[in-house]
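Each chain, letter by letter, is given below.
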Amino acid sequence: MRLTVISGPSGVGKSTVVRGLLERCPQVWLSVSATTRVPRPGEVDGREYFFLDRERFDQMVQAGELLEWAQFAGNMYGTPRAPVEQRLSAGIPVVLEIELQGARQVRDSLPDSMAVFLLPPSWEELVRRLSTRGTEESAAVERRLQAARIELAAQDEFDYTLVNSSIQDSVEGLVRLMGIEC
Ligand code: 5GP
């Protein structure tokens, strides 16, 4: 099993670290999630996410096409199952970048997977990163901070934690934990 789940509170820098990992290790495949969230400026359908309406998302849930799914800050998110299974059976290392409820589902359904939780250097730093992102209204920031408190409380459920003080160090830590050559 070469499935790595990367989780951690919104604003901790998961996407930046994962991007760094993919640049350094091109053999790693990052799953593209489905979501009902509206695209942020610059996001492309099929690249950052598959942007779906709620009806289509619910159809995928009903059809069992999602490996895991969750509601987060008012939107639905889920991992399409088939592309993950294809990569894993081809021996390709797969990364999921997902929130806590989804990480729990993967741990239950695929116990061989490795779950890594990214921590902010401090709570103050997380608030700063989330508030200065500028892509979210203040109500949405507040929802994400609320979710972050809950996520941080669950860090012990993960196989490993990494403090994201520097992107380079976090990428290095992931490469080591995943045991890949790159
Ligand atoms: P954002 O809206 O900032 O892109 O993502 C919000 C949260 O949803 C992040 O914590 C992100 O990791 C998580 N997320 C993204 N895709 C998925 C998914 O497929 N499943 C789950 N459970 N969470 C996801």
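Report on the accompanying structure.

Considerations on the nonpolar core
Counting residues in each nonpolar core, the largest one holds 19 residues, and the members touching the most others are Leu-21, Val-28, Leu-174 and Met-178. Put simply, the parts of the chain that give this core at least two residues each are α1 (14–24), β8 (114–119) and α7 (167–178). Here this core gets four residues from one element, more than from any other, and that element is α7. Val-28 has contacts with Leu-21, Leu-22, Pro-93, Val-95, Met-178 and Ile-180, leaving out every residue within four places of it along the chain. Core analysis: the second largest hydrophobic core is formed by 17 residues, Trp-29, Leu-67, Val-94 and Val-106 among them.

Examining the site of the ligand
Lining the immediate surroundings of the ligand are 16 residues, of which Ser-33, Arg-37, Tyr-49, Tyr-77 and Glu-99 lie closest. The side chain of Lys-14 places a nitrogen or oxygen atom 2.9 Å from an oxygen atom of the ligand. With the chains in place, 95% of the 510 Å² that the ligand exposes on its own is no longer accessible. Within the shell around the ligand, the residues separate by chemical class into five nonpolar, four polar and seven charged.

Focus: the pattern of salt bridges
Opposite charge on two side chains lets them pair, provided their charged atoms get close. The full count for this structure, using the stated rule, is 11 salt bridges. For Arg-37, the salt bridge goes to Glu-43, with nearest N and O atoms at 3.0 Å. The pair formed by Arg-37 and Glu-43 is uniform in burial state, with each residue classed as buried. Arg-47 is the partner of Glu-48 in a salt bridge, and the nearest nitrogen-oxygen pair spans 3.0 Å. Of the residues examined, Glu-48 reaches a relative accessible area of 30% and is grouped as partly exposed.

Criteria and cut-off values
- Residues numbered from 1 in each chain as written.
- Predicted model: local features only at pLDDT ≥ 70, side-chain atom pairs only at ≥ 80, totals over all residues.
- Heavy atoms only, no water.
- Core = buried A, V, L, I, M, F, W, Y, C linked by side-chain atoms within 4.5 Å.
- Buried < 20%, exposed > 50% of the residue type's maximum accessible area, 1.4 Å probe, protein only.
- Helix = DSSP H or I, 4+ residues; strand = E, 2+ residues; numbered from the N terminus.
- Contact = heavy atoms within 4.5 Å.
- Near = heavy atom within 4 Å.
- Polar contact = N/O pair within 3.5 Å; in protein donor to acceptor, adjacent residues only side chain to side chain.
- Areas by Shrake-Rupley, 256 points an atom, 1.4 Å probe, with all protein chains shown as cover.
- Nonpolar A, V, L, I, M, F, W, Y, C, P; charged D, E, K, R; others polar.
- Salt bridge = Lys/Arg side-chain N within 4 Å of Asp/Glu carboxyl O.

Structural measurements only, silent on function.
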